[in-house]
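# Overview (structure and organization)
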Amino acid sequence: MAAQIKTEKEYEAAMARIEELLPLTWGDGVPEDSPENLELNLLSELVADYEDVHYPIGKPSLIAVLKLRMYEMGLNQKNVAALLGISTPRMSEIMHGKTEPSLSLARQMCLKLNISPAVALGV
């Protein structure tokens, strides 16, 4: 049976040990197969497995990705509305979750804002 972290207390202990190991594994002079590196790699995998079950990260919403892309591109709602050929009030409704974009509008968002189609379709 493979080792695993089963409780929050074990998880916290593993995280504390990782914090202790990190300074011991920094630098170019530390061999990859050092006991500290091996322990750090093992604990990191166990922690990742535990977090996948107990602290899953959900899929991003279209609105969240749209806000991020707007920030990255230095755009506001008015700019995006013009880019997509829709009214500013319609863009506001989408941004506030009051309405969903049509399939053709979602396609335009993907193409013009470089958003994954999977995000636009919610899959």
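Report follows, based on the coordinates. (Residues numbered from 1 in each chain as written. Predicted model: local features only at pLDDT ≥ 70, side-chain atom pairs only at ≥ 80, totals over all residues. Heavy atoms only, no water.)

Right, let's talk about the packing of helix H1 (residues 8–25) against helix H2 (residues 35–54) for a bit. Their axes nearest at 9 Å, the elements H1 and H2 cross at an angle of 145 degrees. H2 is crossed by H1, and the crossing has left-handed handedness. Here Glu8, Tyr11, Ala14, Met15, Arg17, Ile18, Leu21, Leu22, Leu24 and Thr25 of H1 lie close against H2, whose contacting residues are Glu36, Asn37, Glu39, Leu40, Leu43, Ser44, Val47, Tyr50 and Glu51. (Axes fitted to C-alpha atoms, helices over the stretch in contact; angles between N-to-C directions. Helix = DSSP H or I, 4+ residues; strand = E, 2+ residues; numbered from the N terminus. Left-handed = near helix turned anticlockwise from the far one by under 90°. Contact = heavy atoms within 4.5 Å.)

This part covers the side chain of Asn37. Mapped onto the elements, Asn37 comes out in helix H2. Residue class for Asn37 comes out buried when judged on its relative accessible area of 8%. When neighbours within four sequence positions are excluded, Asn37 is seen to be in contact with Thr25, Val30, Pro31 and Glu32. (Buried < 20%, exposed > 50% of the residue type's maximum accessible area, 1.4 Å probe, protein only.)

What helix H4 (residues 77–84) keeps buried is the set Val80, Ala81 and Leu84. Angular distribution of buried residues about the axis of H4 spans 100 degrees; they occupy a single face of the element. Away from its buried face by more than 90 degrees, H4 exposes Lys78 and Ala82. Packing partners of the buried residues in H4 comprise helix H3 (62–73), helix H5 (88–95) and helix H6 (103–113). The distance from a side-chain oxygen at the start of H4 to the backbone nitrogen of Lys78 is 3.0 Å, and the residue carrying that oxygen is Asn76. Just downstream of H4, Gly85 is the residue with a positive phi angle, here 75 degrees. (Arc of directions from axis to C-beta. Polar contact = N/O pair within 3.5 Å; in protein donor to acceptor, adjacent residues only side chain to side chain.)

Ranked by internal contacts, the top residues of the largest apolar core, which has 18 residues, are Leu62, Leu66, Val80, Leu84, Met91, Met109 and Ile115. Elements supplying a minimum of two residues to this core: H3, H4, H5, H6 and helix H7 (117–121). Of the residues forming this core, the biggest block, five residues, is contributed by H6. Ignoring any residue separated from it by four or fewer positions in sequence, one finds Leu62 in contact with Pro101, Met109, Ile115, Val119 and Ala120. Grouped together as the second largest cluster of nonpolar side chains are 10 residues, Ala14, Leu43, Leu46 and Tyr50 included. (Core = buried A, V, L, I, M, F, W, Y, C linked by side-chain atoms within 4.5 Å.)

Here Ser34 shows up in the loop between H1 and H2. Only 3.1 Å separates the side chain of Ser34 from the backbone nitrogen of Asn37, close enough to count as a polar contact.

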